[in-house]
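Survey of secondary and tertiary structure
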Amino acid sequence: GQSLEQPSEVTAVEGAIVQINCTYQTSGFYGLSWYQQHDGGAPTFLSYNALDGLEETGRFSSFLSRSDSYGYLLLQELQMKDSASYFCAVQTGANNLFFGTGTRLTVIP
Amino acid sequence: EAGVTQSPTHLIKTRGQQATLRCSPISGHTSVYWYQQALGLGLQFLLWYDEGEERNRGNFPPRFSGRQFPNYSSELNVNALELEDSALYLCASSLPTAEGYEQYFGPGTRLTVT
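The notes below deal with the structure included here.

Scoring rules and cut-offs
- Residues numbered from 1 in each chain as written.
- Chains lettered and ligands numbered in written order.
- Predicted model: local features only at pLDDT ≥ 70, side-chain atom pairs only at ≥ 80, totals over all residues.
- Heavy atoms only, no water.
- 1 Å grid on protein atoms, 1.4 Å probe; cavity = no way out; pocket = protein on both sides within 12 Å on 5 of 7 lines; lining within 4 Å.
- Points joined across faces, edges and corners; volume = space filled by probe spheres on them.
- Nonpolar A, V, L, I, M, F, W, Y, C, P; charged D, E, K, R; others polar.
- Helix = DSSP H or I, 4+ residues; strand = E, 2+ residues; numbered from the N terminus.
- Pairing = 2+ DSSP bridges.
- Axes fitted to C-alpha atoms, helices over the stretch in contact; angles between N-to-C directions.
- Polar contact = N/O pair within 3.5 Å; in protein donor to acceptor, adjacent residues only side chain to side chain.
- Contact = heavy atoms within 4.5 Å.
- Buried area = accessible area lost by both parts, 1.4 Å probe.
- Salt bridge = Lys/Arg side-chain N within 4 Å of Asp/Glu carboxyl O.
- Disulfide = S-S within 2.5 Å.
- Buried < 20%, exposed > 50% of the residue type's maximum accessible area, 1.4 Å probe, protein only.

**Regarding the layout of surface pockets**
Counted as a void, the largest pocket has a volume near 510 Å³. Lining the largest pocket are 24 residues, with Q37(A), S85(A), Q37(B), L39(B) and G40(B) positioned closest to its centre. Residue composition of the lining of the largest pocket, grouped by class: six nonpolar, 14 polar and four charged. Taken as a whole, the second largest pocket holds about 220 Å³ of empty space. Residue lining of the second largest pocket: 14 residues in total, with Q2(A), F98(A), F45(B), G58(B) and N59(B) positioned closest to the centre. Going through the elements one at a time, β10 (96-99) of chain A together with β5 (43-50) and β6 (53-57) of chain B are the ones with two or more residues in the lining of the second largest pocket. Here the lining of the second largest pocket gets four residues from one element, more than from any other, and that element is β10(A).

**What to know about the sheet that holds strand β7 (residues 64-68) of chain B**
All names here are of chain B. Taking strand neighbours across the sheet as the criterion, the four strands line up as β1-β3-β8-β7 in an open arrangement whose pairing is antiparallel. This sheet does not close on itself; its edge strands, each paired only once, are β1 (5-7) and β7. Each strand axis lies, on average, 20° off the axis of its neighbour in the sheet, ignoring direction.

**What about the side chain of S73(B)?**
Residue and element names in this part refer to chain B. Within the fold, S73 resides in the loop between β7 and β8 (74-78). A polar atom in the side chain of S73 sits 2.7 Å from the side chain of N71. Leave out the neighbours within four places in its chain, and S73 touches C23, S24, P25, R67 and Q68.

**A word on the interface of chain B and chain A**
Counting from both sides, the interface comprises 22 residues of chain B and, opposite them, 17 residues of chain A. Looking at the side of chain B facing chain A, the largest losses of area belong to L43(B), E99(B) and Y101(B), adding up to 36% of the total buried there. Applying the counting criterion to the chain B and chain A interface returns zero salt bridges. Inspection of the region where chain B meets chain A yields five residue pairs in polar contact (both at pLDDT 80 or more). Every element with two or more residues in the side of chain B that touches chain A is listed here: β4 (31-37), β5 and β9 (87-94) of chain B. The leading source of residues in the side of chain B that touches chain A is β4(B), at four residues. Taken together, the residues that form the side of chain B that touches chain A break down as twelve nonpolar, eight polar and two charged.

**A look at the state of the cysteines**
Residues and elements named next belong to chain A. Applying the stated criterion across every chain, the model contains two disulfides over all chains. Disulfide pairing is shown between C22 and C88; the S-S distance is 2.2 Å. Disulfide C22 to C88: torsion about the S-S bond roughly 75°, handedness right-handed. Residue C22 is located in strand β3 (residues 18-25), and its partner C88 is located in strand β9 (residues 84-93); the two are separated by 66 residues in the primary sequence. Of the two residues, C22 and C88, neither departs from the other in class, the shared state being buried.

**Notes on the sheet that holds strand β7 (residues 60-65) of chain A**
All names here are of chain A. Overall, antiparallel pairing links the five strands, which are arranged β1-β3-β8-β7-β6 in an open sheet. Where the open sheet ends on each side, the last strands, each with one partner, are β1 (3-5) and β6 (53-57). Between one strand axis and the next, the sheet turns by 15° as a mean value, whatever way the strands run. Relative to β3, β1 runs antiparallel, the two being bridged by three bridges. What sits directly across from S3, in β3, is Q25.

These values are about where atoms sit, not about what they do.
Set out below in structure tokens:
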């Protein structure tokens, strides 16, 4: 079967750094995507890793280790607006995304 | 550029009825995806359409079906509604040249089955 594990909830202080981990077990693997979803909003694409290593986009970075079936999303200089749910999603085939259950991030003052 | 649009925003149906949800992708996007997001769960993949054809479907019963029109808009039909079908249904689209890892989502249709 296929599985994705990520923490259900994370709380962090404004201005701090937080890391959201994702481990996966899937039958196929093309890459790992991350999406952000605010309450009542639509998921929005954040990043994609197909190769091992760190990808940086502004305050957000995403890491992948294919050998460990593991990735993480790193959020720096946290802002209140970063409070949202974050989903990792494994691309198991062309145009096929398998989503995790999401991590709810709460940023506190 | 207009984003992905979905209608209706909310839909209330009775068990056993049929529901039809609609989606218009971003202009230039030919792939449309449907997901179910039940409370506390992640996004469960339902269907993928591209160029008018169903390309893949998730682990859902046949009463979940849909189609894609020549203008690339799509509709999702859910027959014989059950209480557990109550969820947020999200539509997404992607560029024809992409591999689908970057999908653009609409705001969703909240389906409530009573």
